[in-house]
Amino acid sequence: MPIRQLPEDLINRIAAGEVVERPASVVKELVENAIDAGASRVQITTAGGGQSLIRIEDDGVGMDEADLVLSVERHATSKLADDGLEDIRTLGFRGEALASIGAVAELVIASRRAEDASGLRITVKHGMKSRPVPLAMNRGTIVEVRELFGNVPARRKFLKTERSEAGAITDMVKRLAMANPHVQFVLDGADRTTSNWPGREGDGALRARLGDVMGGDFGDNAVPLATMRHGMVVTGLAGLPTYTRANSLSQYFFVNGRAVRDKVLVGAIRAAYADFVFRDRFPVVAIFLAVDPQEVDVNVHPTKAELRFRDPGAVRGAVIRAITQALDAAGHRAASTVAEDVVQAFRVPEYVPFVERSESFAAPSGSYAASPPPLRGGESQTARFMDFAEPSARYEHAEPAPVAEPTEYPLGTARAQMFDNFIVAQNGDSLLLVDQHAAHERLVYERFKAQMAAGPVASQMQLIPVVIELSEDDCGRLEEAAPTLERLGLYLERFGPRAVAVRETPALLGQADIDGLVRDLADGLAEWDSSAVLADRLEAIIGRMACHGSVRSGRRLRVEEMNALLREMETTPHSGQCIHGRPTYVELKKADIERLFGRTR
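What you are looking at is a predicted structure, and each value in this text was computed from that prediction instead of being measured.

Draft legend 1. Up close: the overall build of the chain. What the chain contains, in helices and strands, is 17 helices and 25 strands. Burial status across the chain gives 44% buried among its 601 residues. Counted over contacts in the chain with a minimum sequence separation of 6, partners at least 24 positions apart contribute 70%. When the accessible surface of the chain is totalled, it reaches about 32400 Å², and 52% of it is carbon and sulfur.

Below, the structure written as C-alpha cells:
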C-alpha cells in the first residue's frame, strides 16, 4: 500500500485520540483554558458522565471575533509569546484541545469581552465549523460539548459506565480546585450532587481549600510544608504518619500549579515516610512544588499529566527535606482519627429491661432454687462493698511525693499500668493510653540515629563474650557485615565454623536479648541477600536493634519510670508512632468519654 497524505478530518480525529482520552480529559482542557483566561469562578455542568453534556462557564477575559474563529483551529494558541517551549508559565500551550474536541463531538463556544457590547457564538460539529453569530451574554466564555465520540463509536464503547466517568470528572475538578484556591469551582449536573468550593484568599487559602476538597480530617491531621531548597519552593500539607490510607489515591502532586503524576515525587514521599508507616499503608499528602519553568519539561505527555525535571535529585531532596522538617516539628503528635477508632471499638452493653418475677413463675423449692449467700451476723447487704477499699490489683506503698498537675504536660502524668504493657495517663481534659513497648522502641531508635549522626555508637563490653551458634551461611554474612555493625556499637567475630562471639553491644540497649538480636540480624542479612546493600539498610538494622533494646511487653514499671517515659516522648520527634507505623498512644478527650456513656445526648 503506497504512502498517502491523510485528510484533515482524519488527522483531527487521530489527534483527538491523544488529547481526548475520556470526558474527564475534556473537562481538564477546558477548565485549564478558563484558569489561563484569569477566571475567578468556573462552573462545570455534566450529564451522562460527560458523554451527553459537558458545559464550562467562566468569567475570564473572553475573546473577540478573530480570536474566537482562530481558537478552533489546530495548533493555535495565545499562550506562547515566542516559538520556544523552555519558559511555559500557563497550563495550556499546544493549542490543539478545542480543535480535537470539535473533531469528535458537537462543540459550541460563546465568548464576550468586557469592552464588547455583545458576545459571539461559534459551532463546530465533527470538524465542520460555522460562522460566528451575535449572542447576548455576560463577560467570559461558555463552552458546551455534546455527544462526545458520537462520530467515533469505536472509542465510545471503550468508555466506562456513566457513574465511573462522572467520578473521574469529579476527581479531575478536585485536583484543579486544589491547585487554584483563589478560584471558585461549582460542579453540578443531572448525574451528580452539586459541589461548591468557594474561592479562598489570604495566608490560609491553601489550607482552607485542601480542607474543603480533602475533608476537614486531613487539615486537622496534617502539618504545613514551607521549605526553599536549590531554588525550589515546597509548600502544601503532609499527613501525620498515623493518618494513612490503604492506597496512594490520596497523594496529590502539583508542579507550578499543574496536577501531575511523577515517579520522582512518589519516591520522595516513600523515602520521607520510610521510618514511620507500614509498607502497605500510604500517607496522605498534597505537595506543591514551585520551580523555574526552564528547569522542568512539561511537553513529554499528550495530556501534560507527566513531566521531566532537569535535576530530579534536587527535587527529591527538597521534598524529603520539607516533609522531614515538618514531621520533626510535629513532635509527638498522633492522628486524632486514632481516638475515633477507639471510641467506635467500644461496645455498649445491650440494655435488658428488668422484669419483676410474678408469683406464677416462682422458683421451685427444691435444690435447684437459687438463694442469696448468707450474710455474716449483723452485716448489711451494702457493707460487703467496703471490701473494695483495698486495691485488688498490684499495689506498691510509697511515700507521697509532690506530683505535677496533669495540665503541665502534653502527655499528662501516669495514673496506672494495665496488662503490664499499657500506661494510663491523664492531662487536663484527656485520658491517654500509651503502649510502653512501642513508645520506648521509637525513643531508642531516635537515640541510635542521633548517635550515628554524631559518630560511632557507644558500646559496652561483655564480661564474658556471648557465643551464638548459627548456620555457616549466617555466620559468613555476619562476619562480612562486621565492619558496618561496629559503627552501630555491635562487635562480633567468627567463633568456629558455626558460631559467632559477641564481645561488645550498643550501650543504648542495656541488658538486651543478645542472642535474639544477632539471630534477627542474621535473618535480615539473609533477606537482603547481599552485604553490599547493608549501608543502605542501616536504618532497618537500627530498627531491629531498637526493638530488642526497648521495654518489653509484660514488664511492670514504677510510676517514676512511666512518667520518665512520657516526658521523653514529649521531647522526641516522631514519638507519636513506633518504627512500624503504629500509634504509640491514643488520646481520648473528655467529650469522647462522655459520649461513650451517652452524657452528650
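Draft legend 2. Molecular detail of the sheet that holds strand β16 (residues 285-290). Here we have five strands laid out as an open sheet, ordered β10-β11-β16-β13-β14, and mixed in their pairing. A single partner strand is all that each edge strand has here, and the edge strands are β10 (222-229) and β14 (258-260). Within this sheet the neighbouring strands show an average axis-to-axis angle of 20°, counted without direction. For strand β11 (residues 232-239) and β16, the ladder comprises six bridges, and the chain directions are antiparallel. Residue pairing in the sheet places G236 in a bridge with I287 of β16. Lying over the sheet, helix α6 (residues 162-179) contacts β13 (251-255), β14 and β16, oriented at roughly 55° with respect to β13. Packed onto the sheet, helix α7 (residues 205-214) meets β10, β11, β13 and β16 and runs at close to 140° relative to β16.

Draft legend 3. Highlighting the pairing of strand β19 (residues 413-418). Pairing of β19 with strand β20 (residues 422-426), which is carried by five bridges, proceeds in the antiparallel orientation. From the neighbouring strand, T413 faces β20, where its bridge partner is Q426. Counting the residues in the hairpin turn of β19 and β20 gives three residues, including F419, whose phi is positive at 55°.

Draft legend 4. Structural detail: the sheet that holds strand β22 (residues 459-469). Ordered in space as β22-β24-β23, the three strands form an open sheet in which the pairing is antiparallel. Because the sheet does not close on itself, it has two edges, and the strands there are β22 and β23 (491-494). Geometrically, the sheet is characterised by an average inter-axis angle of 15° between neighbouring strands, direction not taken into account. The strands touched by helix α13 (residues 472-487) are β23 and β24 (499-506); relative to β23, the strand with the most contacts, the crossing angle is about 145°.

Draft legend 5. Quick look at helix α9 (residues 263-272). Along α9, the residues classified as buried are L265, G267, A268, I269 and A272. Buried residues in α9 make contact with β13, β14, β15 (282-283), β16, β18 (308-309) and α10 (312-330). The residue sitting at the N-terminus of α9 and contributing the capping side-chain oxygen is D262; that oxygen lies 2.9 Å from the backbone nitrogen of V264.

Draft legend 6. Representation of α7 in the model. Along α7, the residues classified as buried are A205, R209, L210, V213 and M214. The buried residues of α7 occupy an angular sector of 135° when the element is viewed end-on, so they sit on one face. Looking at the residues trailing α7, positive phi occurs at G215, about 105°.

Draft legend 7. View of the packing of aromatic side chains. Under the counting rule described, the total for this entry stands at two aromatic pairs. Summarising the aromatic geometry, the rings of F218 and Y243 are spaced 6.4 Å apart at their centres and angled 35° between planes, so their arrangement reads as tilted. Here F218 is found in helix α8 (residues 216-220), whereas its partner Y243 is found in the loop between β11 and β12 (244-245), with 25 residues between them in sequence. The exposure classification of F218 matches that of Y243, with both residues buried. Taking NZ or CZ as reference, R245 lies 4.7 Å from the ring centre of Y243, over its face. Residue placement shows R567 over the ring face of Y409; its charged tip is 3.7 Å from the ring centre.

Draft legend 8. Examining the environment of V298 more closely. Summarising the element assignment, V298 is placed in the loop between β17 (296-297) and β18. For the pair V298 and V260, spaced 38 residues apart in sequence, the C-alpha separation works out to 9.5 Å.

Draft legend 9. View of the packing of helix α12 (residues 436-454) against helix α16 (residues 559-571). With their axes 10 Å apart at the nearest point, α12 and α16 run at an angle of 50° to one another. For the element pair α12 / α16, the angle class is oblique. In the crossing of α12 with α16, the sense of the turn from one axis to the other is left-handed. Touching Q436, A439, H440, L443 and R447 of α12 are L565, E568 and M569, all from α16. Partitioning the contact of α12 with α16 into residue classes produces four nonpolar, two polar and two charged.

Draft legend 10. Summary view of the pattern of salt bridges. All told, the structure shown has 29 salt bridges when counted by the stated rule. The shortest N-O distance in the salt bridge between E115 and R113 comes to 3.3 Å. Between R477 and D474 there is a salt bridge, and its shortest N-O distance comes to 2.9 Å. Linking R477 with D474, this pair stays in helix α13, spanning three residues, or about one helical turn.

Draft legend 11. Layout of the nonpolar core. Counting 58 residues, the largest nonpolar core has V145 and F185 as the members making the most contacts within it. Here this core gets eight residues from one element, more than from any other, and that element is α6. Among the nonpolar cores identified, the runner-up in size contains 35 residues, and F93, L289, V298 and A322 belong to it.

Draft legend 12. Fine view of the side chain of D58. Its location among the elements puts D58 in strand β2 (residues 53-58). One polar contact links the side chain of D58 to the main-chain amide nitrogen of G60, over a distance of 2.7 Å. If near-sequence neighbours (up to four positions away) are discounted, D58 is found in contact with A34, A39, R41, V42, R139, G140 and T141.

Draft legend 13. Quick look at unusual backbone geometry. Phi at H230 is positive, roughly 55°, even though this residue is not glycine. Here H230 is to be found in the loop between β10 and β11. Its relative accessible area of 55% is what places H230 among the exposed residues.

Draft legend 14. Focus on the pairing of β20. Two elements, β20 and strand β21 (residues 430-435), share five bridges in a ladder whose sense is antiparallel. Each residue of the ladder has a partner; that of F422, found in β21, is D435. Turn length for the β20-β21 hairpin, with the two strands adjacent in sequence and antiparallel, is three residues.

Draft legend 15. Just the packing of α6 against α7, in detail. It is at 9 Å that the axes of α6 and α7 come closest, and there the two elements cross at 165°. One finds that α6 runs roughly antiparallel with respect to α7. In the crossing of α6 with α7, the sense of the turn from one axis to the other is right-handed. Contacts from K174, A177 and M178 in α6 reach L206, R209, L210, V213 and M214 in α7. Considered class by class, the residues forming the contact of α6 with α7 number six nonpolar, no polar and two charged.

Rules of the game
Residues numbered from 1 in each chain as written. Predicted model: local features only at pLDDT ≥ 70, side-chain atom pairs only at ≥ 80, totals over all residues. Heavy atoms only, no water. Helix = DSSP H or I, 4+ residues; strand = E, 2+ residues; numbered from the N terminus. Buried < 20%, exposed > 50% of the residue type's maximum accessible area, 1.4 Å probe, protein only. Contact = heavy atoms within 4.5 Å. Areas by Shrake-Rupley, 256 points an atom, 1.4 Å probe, with all protein chains shown as cover. Pairing = 2+ DSSP bridges. Axes fitted to C-alpha atoms, helices over the stretch in contact; angles between N-to-C directions. Polar contact = N/O pair within 3.5 Å; in protein donor to acceptor, adjacent residues only side chain to side chain. Arc of directions from axis to C-beta. Phe/Tyr/Trp six-rings, centres within 6.5 Å; stacked < 30°, edge-to-face > 60°. Lys NZ or Arg CZ within 6 Å of the ring centre and 35° of its normal. Parallel < 35°, antiparallel > 145°, perpendicular 65-115°, else oblique. Left-handed = near helix turned anticlockwise from the far one by under 90°. Nonpolar A, V, L, I, M, F, W, Y, C, P; charged D, E, K, R; others polar. Salt bridge = Lys/Arg side-chain N within 4 Å of Asp/Glu carboxyl O. Core = buried A, V, L, I, M, F, W, Y, C linked by side-chain atoms within 4.5 Å.

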